[in-house]
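Listed below, chain by chain, are the residues.
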Amino acid sequence: GDQPFTERFLSEVKQHHRWLCVAFFYSDTFPRSLRVLSLATNIIVLLFVQSISYNLSKPDDGSCGTYKTQSACLEPKSSLGTGASKCAWNGGSCMFMEHPTAF
């Protein structure tokens, strides 16, 4: 076209960007209220999936350091489903046992 690159780029971003089109683009077929609802739904779904998968990526919740006996330390199992203990007893203290992250 006859438009400069920057104008075409800004027009495309305003029309097709998932978040910016809510404020900058008008459409009769997909009104702003539905775009806001769609955006809010996407964010809520993203946060829900992240909250479910968080324990898989960051399994250390700090609870291992609270155990004072070996039996209490070795009782919790890993959230990775391997059957291994979540914590390790090291001489007189309980600490989180790092597991390999490769699946």
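Residues numbered from 1 in each chain as written. Predicted model: local features only at pLDDT ≥ 70, side-chain atom pairs only at ≥ 80, totals over all residues. Heavy atoms only, no water.

K.L.:
Would you explain the overall build of the protein in this entry?
P.N.:
Scanning the protein for helices and strands turns up four helices and two strands. Here the C-alpha atoms of the protein give a radius of gyration of 25 Å, more than 25% beyond the 13 Å that 2.2 N^0.38 yields for 103 residues. With the principal axes as the frame, the protein shows a C-alpha extent of 75 × 30 × 20 Å. Counting only residues that meet the buried cut, the protein has 16% of its 103 residues in that class. A separation of at least 24 residues holds for 15% of the contacts in the protein among residues at least 6 apart in sequence. Split by element, the accessible area of the protein, about 8100 Å² in all, is 62% carbon and sulfur. When the 9 basic and 8 acidic side-chain charges of the protein are each reduced to a single mean position, those positions are 4 Å apart. (Helix = DSSP H or I, 4+ residues; strand = E, 2+ residues; numbered from the N terminus. Rg over C-alpha atoms; globule rule 2.2 N^0.38 Å. Buried < 20%, exposed > 50% of the residue type's maximum accessible area, 1.4 Å probe, protein only. Contact = heavy atoms within 4.5 Å. Areas by Shrake-Rupley, 256 points an atom, 1.4 Å probe, with all protein chains shown as cover. Lys, Arg positive; Asp, Glu negative; His and termini not counted. Charge placed at Lys NZ, Arg CZ, Asp CG, Glu CD.)

K.L.:
Can you walk me through the pairing of strand β2 (residues 93-96) in this structure?
P.N.:
In summary, the side chains of a regular strand alternate between the two faces of the sheet. Only one face of β2 is buried, namely the one carrying C94 and F96, since none of S93 and M95 on the opposite face is buried. Bridge count between strand β1 (residues 87-90) and β2: four bridges; the pairing is antiparallel. Each bridged residue has a counterpart across the sheet, and for C87 the counterpart in β2 is F96. Hairpin connection between β1 and β2: a loop of two residues separates the two successive antiparallel strands, and G91 in this loop has a positive phi of roughly 75°. (Pairing = 2+ DSSP bridges.)

K.L.:
So what exactly am I meant to see when it comes to the environment of W89 here?
P.N.:
Assignment of secondary structure puts W89 in strand β1. You can call W89 partly exposed: its relative accessible area is 25%. Linking W89 and S27, residues 62 residues apart in sequence, is a C-alpha distance of 62 Å.

K.L.:
I'm lost on helix α3 (residues 32-57) in this one. Help?
P.N.:
Side chains three or four residues apart in an α-helix point the same way, a direct result of the helix having 3.6 residues per turn. Its 26 residues place the ends of α3 36 Å apart at the C-alpha level, agreeing with the 38 Å of an ideal helix rising 1.5 Å per residue. Where α3 bends most, the angle comes to about 30°, and this point is S51. (Expected span 1.5 Å × (residues − 1). Bend = angle between axes of the 7 residues up to and from the residue.)

K.L.:
Help me out: how do you make sense of the nonpolar core in this one?
P.N.:
Burial of nonpolar side chains together is a common tendency in soluble globular proteins. Ranked by size, the top nonpolar core spans five residues in total: C64, C73, C87, C94 and F96. In this structure, C73 is in contact with Y67, S85, C87, A88, W89 and C94, ignoring residues within four places of it in sequence. (Core = buried A, V, L, I, M, F, W, Y, C linked by side-chain atoms within 4.5 Å.)

K.L.:
What exactly am I supposed to notice about the confidence of the model for the protein here?
P.N.:
Caution applies to low-pLDDT regions: their predicted coordinates should not be interpreted in detail. Mean pLDDT over the protein stands at 86; residues scoring 70 or higher make up 92%. Averaged pLDDT values over the elements of the protein bottom out at 81 in helix α2 (residues 21-24) and peak at 94 in β2. (pLDDT = per-residue confidence, 0-100.)

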